[in-house]
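Now for the letters of each chain:
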Amino acid sequence: MWLPSLDLGLLCFSGSWSPRSRSQVAMVNIVGMLTLLRFPSSVLKLRMPYLLGFAIGSAALVSLALFAAFVSKAGINIVDVLTPKVFIGLLVGAMLPYWFSAMTMKSVGSAALKMVEEVRRQFNTIPGLMEGRAKPDYATCVKISTDASLREMIPPGALVMLTPLIAGTFFGVETLAGVLAGSLVSGVQVAISASNTGGAWDNAKKYIEASTLLFQLLI
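Procedures and definitions
- Residues numbered from 1 in each chain as written.
- Predicted model: local features only at pLDDT ≥ 70, side-chain atom pairs only at ≥ 80, totals over all residues.
- Heavy atoms only, no water.
- Helix = DSSP H or I, 4+ residues; strand = E, 2+ residues; numbered from the N terminus.
- Buried < 20%, exposed > 50% of the residue type's maximum accessible area, 1.4 Å probe, protein only.
- Contact = heavy atoms within 4.5 Å.
- Areas by Shrake-Rupley, 256 points an atom, 1.4 Å probe, with all protein chains shown as cover.
- Core = buried A, V, L, I, M, F, W, Y, C linked by side-chain atoms within 4.5 Å.
- Expected span 1.5 Å × (residues − 1).
- Arc of directions from axis to C-beta.
- Axes fitted to C-alpha atoms, helices over the stretch in contact; angles between N-to-C directions.
- Parallel < 35°, antiparallel > 145°, perpendicular 65-115°, else oblique.
- Nonpolar A, V, L, I, M, F, W, Y, C, P; charged D, E, K, R; others polar.
- Polar contact = N/O pair within 3.5 Å; in protein donor to acceptor, adjacent residues only side chain to side chain.

### Topic: the overall build of the protein chain
Turning to step 1, where the next piece is worked out: The helix and strand inventory of the protein chain stands at seven helices and zero strands.
Turning to step 2, where the next piece is worked out: By residue count, 21% of the 219 residues in the protein chain fall in the buried class.
Turning to step 3, where the next piece is worked out: Excluding contacts between residues fewer than 6 apart, the proportion of contacts in the protein chain whose partners are at least 24 apart in sequence is 70%.
Turning to step 4, where the next piece is worked out: When the accessible surface of the protein chain is split by element, carbon and sulfur atoms take 74% of a total near 15300 Å².

### Remarks on the nonpolar core
Turning to step 1, where the next piece is worked out: Counting 12 residues, the largest nonpolar core consists of Phe67, Phe70, Val71, Ile76, Leu96, Met103, Leu159, Ala167, Leu176, Ala177, Val179 and Ala181.
Turning to step 2, where the next piece is worked out: When residues of this core are assigned to their parent elements, the largest contribution, four residues, is made by helix H7 (residues 173-218).

### Some words on helix H5 (residues 138-151)
Turning to step 1, where the next piece is worked out: The end-to-end C-alpha separation of H5 is 20 Å, in line with the 20 Å expected for 14 residues at 1.5 Å each.
Turning to step 2, where the next piece is worked out: Restricting attention to buried positions, one finds in H5 the residues Cys141, Ile144 and Ala148. On an axial view of H5, the arc spanned by its buried residues comes to 60 degrees, and they lie on one face. The exposed set on the far side of H5, more than 90 degrees from its buried face, consists of Tyr138, Ala139, Val142, Lys143 and Leu150.
Turning to step 3, where the next piece is worked out: On the buried face of H5, the contacting elements are helix H4 (84-125).

### So, the environment of Val188
Turning to step 1, where the next piece is worked out: Looking at the element boundaries, Val188 is found in helix H7.
Turning to step 2, where the next piece is worked out: Between the alpha carbons of Val188 and Ser63 there is a distance of 9.9 Å; along the sequence they are 125 residues apart.
Turning to step 3, where the next piece is worked out: Not counting chain neighbours up to four residues away, the residues in contact with Val188 comprise Ile56 and Ala60.

### A closer look at the environment of Ala55
Turning to step 1, where the next piece is worked out: Within the fold, Ala55 resides in helix H3 (residues 48-74).
Turning to step 2, where the next piece is worked out: Sequence separation between Ala55 and Ala191 is 136 residues; the distance between their C-alpha atoms is 9.8 Å.

### Some details on the packing of H4 against helix H6 (residues 154-171)
Turning to step 1, where the next piece is worked out: One can describe the packing of H4 onto H6 by two numbers: an axis separation of 10 Å at closest approach and a directional angle of 170 degrees. With respect to each other, H4 and H6 are oriented roughly antiparallel. Here H4 contributes Lys85, Leu96, Trp99, Phe100, Met103 and Thr104 to the contact with H6, which in turn contributes Pro155, Pro156, Leu159, Val160, Thr163 and Phe171.
Turning to step 2, where the next piece is worked out: Its residues assigned to classes, the contact of H4 with H6 comprises nine nonpolar, two polar and one charged.

### Structural notes on the side chain of Glu118
Turning to step 1, where the next piece is worked out: Mapped onto the elements of the fold, Glu118 is located in helix H4.
Turning to step 2, where the next piece is worked out: Polar contacts involving the side chain of Glu118 include one to the side chain of Arg121, which spans 2.6 Å.
Turning to step 3, where the next piece is worked out: Only 2.9 Å separates the side chain of Glu118 from the side chain of Gln122, close enough to count as a polar contact.
Turning to step 4, where the next piece is worked out: Among all residues touching Glu118, those that are not within four sequence positions of it are Thr140, Cys141 and Ile144.

Encoded structure:
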């Protein structure tokens, strides 16, 4: 019994400490210390794929349990995909994770663009900022990030909360069962794909950084 608890504790430690370590390494790099100090962050990130796999698997099992509870409470004995209502619900549910991901990525891009515009404004309006003789306006940047994180998540949150209500109210429990089943299967697939893609991008970044560092040391 204590082994799963210990492993869960290690997973939580890795997931919470790795972002902090990366942030600290980034601050160290900003002040001009050695790039080799990225090593602690890289070591902790070795457990991140395990952590992500654990999170995806547990989320899938919890979603399956909630789906089983819904089917039991709704009095549905079988979910027949050949039924038109269920099939339409499957198509809509399979689309939801991609729609949600697209909305969140668009929100991140919008917030990042506002941040870039603010940084450009400060460079153009604050004398001596480019030379390091003046301090930037951190509060405005933090405000942009905080406001965007709250405001931009309203449409994705509404999509997740309103879709089951609309499907169940206007099209019945069979369509809602199709929506939930489609979103469950599609969501797990998107999560696995995004996790592997993010890991590949991060490995490519690390490879380029290591090659650049080696090239600098050889020169």
